[in-house]
Structure formats: structure tokens, C-alpha cells
Amino acid sequence: MKKCDYCGKEITYFEQYCCDECQRKTLNFYDFQAKFSKFFGIVNGICVFGIPIGLFMFSLRQSIGFTMISLSVLILGLMIVIFPFPVENMISSMKLKKAVSVTRIIGAVLLALGIALVILDFVFFLKF
Ligand SMILES: [Zn+2]
């Protein structure tokens, strides 16, 4: 059985979406993604690099390394919550609606972890 590209509801072979609403939401999503994918990619790239660099710095100066790692995780989580762009195979297996929610949950977990790390950072390393 074919499924709606947005919500995953079963549909006939002649359709791509179950309703106009799903089609509209899908188009909106791809519009939004097209507008921000470059920005998202650049910021994510920096954060993903920031984690290993932070780990390296941690071995030299713990406070600097830890701050870098915390901020990288925090910003990465925030970016994913604001711009929940799932990878292609997630979209094809879960359909767009679910893939976006799962991606946003992953972002929220990273964001929570980032906040916890920043708090730890303040407690242990940044004593003014
Ligand atoms: Zn639908």
C-alpha cells in the first residue's frame, strides 16, 4: 500500500498525499529547508568540528576544551530544534511528519545535554 508522503496515512496509487493540508505542509517544509540548508550546513559543520577540537584542547587546557565542547553541543542542539532537517533515508522510511519530529527530539536531547554541559562548565571551570 502506498503511503502519504507527509503523514504516512494509506492512500491509493494515484495520489502522493492524503489531503491538501499534507501537500501544503510538505511544500512549506522543502521551501524552508531550501532557504536555510546552507546556513544550517555551515553552522553544523563548525559545531561538529568543534567537538573533536574541544576534546583535543581539553587535553591541553581543560577549561577551554570543555567550554568548546559544551557550546558546540548546545548550538548544534538548538540548530536542529529550529531547523529539523531529517536525512533522506529517514524521510523515505518514516515519511516527513514523523522524520521531522524524531529529528526535533534528537535536537532537544542535544540541547538539554548542551545546557547541562554549560552549567557544569560554569560550576567547575569558569570561576570568576
Ligand atoms: Zn497525509
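Below, the structure is looked at part by part. Every chain is numbered independently, its residues counted from 1 as its sequence is written. Local features in a predicted model are, by the rule used here, given only for residues with pLDDT of at least 70; side-chain atom pairs are given and counted only at 80 or more, and totals for whole chains, interfaces and linings are based on all residues.

**Description of the overall build of the protein chain**
Argument step 1. What the protein chain contains, in helices and strands, is four helices and two strands.
Argument step 2. Going from N to C terminus, the protein chain has its helices and strands arranged as β-β-α-α-α-α.
Argument step 3. Its C-alpha atoms give the protein chain principal-axis dimensions of about 65 × 25 × 20 Å.
Argument step 4. Out of the 128 residues belonging to the protein chain, those deemed buried represent 21%.
Argument step 5. Look at the contacts in the protein chain between residues 6 or more apart in sequence, and 53% of them connect residues 24 or more apart. Working definition: helices are DSSP H or I runs of at least four residues, strands are E runs of at least two. Numbering for both runs from the N terminus. Three classes are used. A residue is buried when 20 or more other C-beta atoms lie within 10 Å of its own, exposed when 12 or fewer do, and partly exposed in between, with C-beta atoms placed from the backbone. Each residue gets a C-beta atom placed from its backbone, and two residues are in contact if those atoms lie within 7 Å.

**Quick word on helix α4 (residues 96-124)**
Argument step 1. In a helix, the anticipated span is given by 1.5 Å times the number of residues less one. Here α4 spans 41 Å end to end across 29 residues, near enough to the 42 Å set by a 1.5 Å rise per residue.
Argument step 2. Turning to α4, its buried residues are Leu 96, Ala 99, Thr 103, Leu 110, Leu 111 and Gly 114.
Argument step 3. Each element contacted by the buried residues of α4 is listed here: α1 (20-60), α2 (62-82) and α3 (88-94).

**A word on the packing of α1 against α2**
Argument step 1. Running from amino to carboxyl end, α1 crosses α2 at an angle of 155°, the nearest separation of the two axes being 8 Å. Compared by their axis directions, α1 and α2 come out roughly antiparallel. Note on packing geometry: the crossing formed by α1 with α2 is left-handed. Residues Phe 40, Val 43, Asn 44, Cys 47, Gly 50, Ile 51, Ile 53, Gly 54, Leu 55, Met 57 and Phe 58 of α1 pack against Gln 62, Ile 64, Gly 65, Phe 66, Met 68, Ile 69, Ser 72, Ile 75, Leu 76 and Met 79 of α2.
Argument step 2. Three categories are distinguished: nonpolar for Ala, Val, Leu, Ile, Met, Phe, Trp, Tyr, Cys and Pro, charged for Asp, Glu, Lys and Arg, and polar for the others, with Gly belonging to the last. Of the residues that constitute the contact of α1 with α2, the class distribution is 15 nonpolar, six polar and no charged. Interaxial angle, 0 to 180 degrees, is taken between N-to-C directions of lines fitted to C-alpha atoms, where a helix line uses only the stretch in contact. Here roughly perpendicular refers to angles of 65 to 115 degrees, roughly parallel to angles under 35, roughly antiparallel to angles over 145, and oblique to all remaining angles. Crossings are sorted by hand: turned counterclockwise from the far helix by less than a right angle, the near helix makes the crossing left-handed, and turned clockwise it makes it right-handed.

**Here we look at the environment of Leu 55**
Argument step 1. Considering the arrangement of structural elements, one finds Leu 55 in helix α1.
Argument step 2. Sequence-wise, Leu 55 and Met 68 are 13 residues apart; in three dimensions their C-alpha atoms are separated by 8.4 Å.
Argument step 3. Discounting residues that sit within four places of it in the chain, Leu 55 has contacts with Gly 65 and Ile 69.

**Remarks on α2**
Argument step 1. Taking 1.5 Å of rise per residue, the 21 residues of α2 would be expected to cover 30 Å, and the 30 Å separating its terminal C-alpha atoms lies within 8% of that figure.
Argument step 2. For α2, every residue scored as buried is listed here: Phe 66, Thr 67, Met 68, Ile 69, Ser 70, Ser 72, Val 73, Leu 74, Leu 76, Gly 77, Met 79 and Ile 80.
Argument step 3. In this structure, the buried side of α2 is in contact with α1 and α4.

**Overview of the nonpolar core**
Argument step 1. For our purposes the nonpolar core covers buried Ala, Val, Leu, Ile, Met, Phe, Trp, Tyr and Cys residues that link as a set through C-beta atoms within 7 Å. Residues Cys 47, Phe 66, Met 68, Ile 69, Val 73, Leu 74, Leu 76, Met 79, Ile 80, Phe 83, Leu 110 and Leu 111 constitute the largest nonpolar core, which totals twelve residues.
Argument step 2. The set of elements that each furnish at least two residues to this core consists of α2 and α4.

Any link to function would need more than the numbers given here.
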